[in-house]
Amino acid sequence: MPLIKPPQGPPVELRLSRDLVRTLKRGHPWVFADALRHLPPARPGSPAILLDNKKGRPVAHGFYHAQSPLAFRVCSPNPDEPLTNAWAEAQLTRALRLRKTVVPAQTSGYRLFNGEGDGLPGLICDVYSDTAVMQLDGPGPTGFWDAAGIARWLAEQLRLKQVVLKPQARSSGTDQLLVGQLAVNPVPFLENGVHFVADVINGQKTGFFLDQRNNRKLVGQMAANRAVLNVFGYTGGFSVYAGLGGASRVTTVDLSGPALQTAEYHWHSNNLPPAQHRAIKADAFSFLADAAKTKNTWDLVVVDPPSFAPSKETLKTGLAAYQKLITAAAAVVNVDGLLAAASCSSHVDLAAFLLVCEEGVSKARRRATVLAIAGQPADHPTPLVFSEFRYLKFVLMRVE
Ligand code: SAH
């Protein structure tokens, strides 16, 4: 089965203009256009070989997109390893093998391919029971990987009934069903024994935020007898874990009506008492401001917003927004209650986020103790040298 598109001739030769060999050998997977001497014309995703800036010796194999600032992505830092179909199959198999050891029991929703973290640049795939959802990160990966071939290979390996290829943004195309006839959607799956569904067509990301699995479990463990507020709750992942963990009551706040309906559905399908959950459609900032005004407080507050700093340019305003949110959230936590704050922005590193937490809590005239710092689970692996890929930060605090 073809897993990569057949090359049209020998690999494109690209020459570094800077000495990046050390970082590349350490496993950094990206070379930007400004570090290349020439940008020869080639179709997006053409296989390429990278040569060093000194003697022109081969450094790595990968693929090339001349029009993108991210011009070259490393597939193999071994120049003696050409990018054949057998190479691709070995990479995919290795990713499957890792999941066999890291996906927890009673969990059928997990990330199977995490792009660069699995040595599969730009290839993302999440599995929900017998459905897989693939995403390709732009024209380079789309030109290199054979999505239809990978889908058929996966269906065979994992006995999947359907494989969906989802565009990264709604604006850049529609879903394609690569395996299967008529899309079955939403798809039920288990996470640590908790029942959820993923809307693989209309949902955010591939349908569910699998990256928060361990953090949801932690919140569940801390929730007994506490009144819990889940802000930016989406389909209620944190809420359901809190309910199952024995929370006295749970409030889920989100701007999206359909997401909240699914949150209600998740609550019921896990046999939790309906009277103990409230779903509120509201803007997070206005909701928290109103709660502070009316002296409404909780024992455990979760804030897991969308990325406030999606680019380097928005970093400053993004940090300010995180800080404002943490101040507003800390203000509605009971004394010695808990605040769980998350950021999914790759531009905000852990040190910056902790500083934002410090400033935010202090602006609320409170103090906090850190109980846990976490990130993505092991089915979201990242190259050690590539800290930007560890986008998720999760800080659990006791607010005094
Ligand atoms: N915690 C969730 C994921 C949150 S994703 C989980 O574990 O599954 C971010 C959510 O924030 C989305 O559901 C989006 O609808 C919501 N959102 C975005 N802006 C918002 C705002 N201003 N107020 C409330 N919710 C918002």
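Residues numbered from 1 in each chain as written. Predicted model: local features only at pLDDT ≥ 70, side-chain atom pairs only at ≥ 80, totals over all residues. Heavy atoms only, no water.

Q: Mind showing me how you'd approach the site of the ligand here?
A: What surrounds the ligand is a group of 15 residues, the closest being R216, D254, D283, A284 and D304. A distance of 3.4 Å separates a nitrogen atom of the ligand from a polar atom in the backbone of F232. A284 is positioned with one of its backbone polar atoms (N or O) 2.8 Å from a nitrogen atom of the ligand. Of the residues in the shell around the ligand, the class split is 8 nonpolar, 3 polar and 4 charged. (Near = heavy atom within 4 Å. Polar contact = N/O pair within 3.5 Å; in protein donor to acceptor, adjacent residues only side chain to side chain. Nonpolar A, V, L, I, M, F, W, Y, C, P; charged D, E, K, R; others polar.)

Q: What exactly am I supposed to notice about the nonpolar core here?
A: Nonpolar side chains tend toward joint burial in soluble globular proteins. Ranked by size, the top nonpolar core spans 34 residues in total, and within it L229, V231, V301 and L339 carry the most contacts. Broken down by element, this core gets its largest block of residues, 5 residues, from helix α9 (residues 315-330). Excluding anything up to four places from it in sequence, V301 contacts L229, V231, A329, V332, V333, L338, L339 and A340. One finds L96, Y110, L112 and A151 within the second-largest nonpolar core, a separate group that totals 33 residues. (Core = buried A, V, L, I, M, F, W, Y, C linked by side-chain atoms within 4.5 Å. Buried < 20%, exposed > 50% of the residue type's maximum accessible area, 1.4 Å probe, protein only. Helix = DSSP H or I, 4+ residues; strand = E, 2+ residues; numbered from the N terminus. Contact = heavy atoms within 4.5 Å.)

Q: I keep staring at the environment of A340 and nothing clicks. Help me out?
A: The topology assignment puts A340 in strand β17 (residues 333-343). Residue class for A340 comes out buried when judged on its relative accessible area of 1%. Distance from A340 to N230, taken between C-alpha atoms, is 9.4 Å for residues 110 residues apart in sequence. Setting aside anything within four residues of it in sequence, one finds A340 in contact with V219, V301, V302, V303, F394, V395 and L396.

Q: What should I look at first to understand the pattern of salt bridges in this one?
A: Close approach of charged atoms allows side chains with opposite charge to pair. Evaluated as defined, the whole model comprises 13 salt bridges. Its salt-bridge partner being R18, residue D34 comes within 3.5 Å of it at the nearest N-O pair. In this pair, D34 is assigned in the loop between β2 (30-31) and β3 (46-51) and R18 in the loop between β1 (12-15) and α1 (21-25), connecting sequence segments 16 residues apart. A salt bridge links K205 to D211, with the shortest nitrogen-to-oxygen separation between them at 3.3 Å. (Salt bridge = Lys/Arg side-chain N within 4 Å of Asp/Glu carboxyl O.)

Q: For this particular structure, what's the right way to read the sheet that holds strand β8 (residues 131-136)?
A: Sheet strands associate in pairs through backbone hydrogen bonding, adopting either a parallel or an antiparallel arrangement. With respect to topology, 5 strands assemble into an open sheet ordered β6-β7-β8-β9-β10, the strand pairing being mixed. Lying at the two open borders of the sheet, with one neighbouring strand each, are β6 (109-114) and β10 (176-179). When the angles between neighbouring strand axes are averaged without regard to direction, this sheet yields 25 degrees. Two strands pair when backbone bridges link them, and β6 and strand β7 (residues 123-128) are joined in this way by 5 bridges, in the antiparallel orientation. (Pairing = 2+ DSSP bridges. Axes fitted to C-alpha atoms, helices over the stretch in contact; angles between N-to-C directions.)

Q: Looking at this model, I keep getting lost on the layout of surface pockets. Mind explaining?
A: One simple way to see leftover space: roll a probe sized like a water molecule over the atoms. Roughly 380 Å³ of internal volume is contained in the second largest pocket. Residue lining of the second largest pocket: 22 residues in total, with R94, E116, G117, D118 and G119 positioned closest to the centre. Listing elements by their share of the lining of the second largest pocket, those giving two or more residues are β5 (72-76) and α2 (85-102). No other element matches α2, which puts 5 residues into the lining of the second largest pocket. (1 Å grid on protein atoms, 1.4 Å probe; cavity = no way out; pocket = protein on both sides within 12 Å on 5 of 7 lines; lining within 4 Å. Points joined across faces, edges and corners; volume = space filled by probe spheres on them.)

Q: Would you explain the packing of α2 against helix α4 (residues 147-158) in this entry?
A: The relative placement of two packed helices is expressed as an angle between their axes plus a distance between the axes. Close contact between α2 and α4 brings their axes to 12 Å; oriented N to C, the two are set at 40 degrees. In terms of their interaxial angle, α2 and α4 are classed as oblique. Note that α2 runs across α4; the crossing there is right-handed. Between α2 and α4, the residues in contact are E89, L92, T93 and L96 and I150, W153, L154, Q157 and L158, respectively. (Parallel < 35°, antiparallel > 145°, perpendicular 65-115°, else oblique. Left-handed = near helix turned anticlockwise from the far one by under 90°.)

Q: Help me out: how do you make sense of the packing of aromatic side chains in this one?
A: Using the criterion set out here, one finds 20 aromatic pairs in the structure. Geometrically, the ring pair formed by W30 and F389 is edge-to-face, given 5.9 Å between the ring centres and 85 degrees between the ring planes. A residue pair is termed long-range when its members are at least 10 positions apart, and W30 in strand β2 and F389 in the loop between β18 (368-374) and β19 (393-399) qualify at 359 residues. Geometrically, the ring pair formed by F189 and F208 is edge-to-face, given 5.1 Å between the ring centres and 80 degrees between the ring planes. With F189 in strand β11 (residues 187-191) and F208 in the loop between β12 (194-198) and α5 (213-222), this residue pair connects regions lying 19 residues apart in the sequence. (Phe/Tyr/Trp six-rings, centres within 6.5 Å; stacked < 30°, edge-to-face > 60°.)

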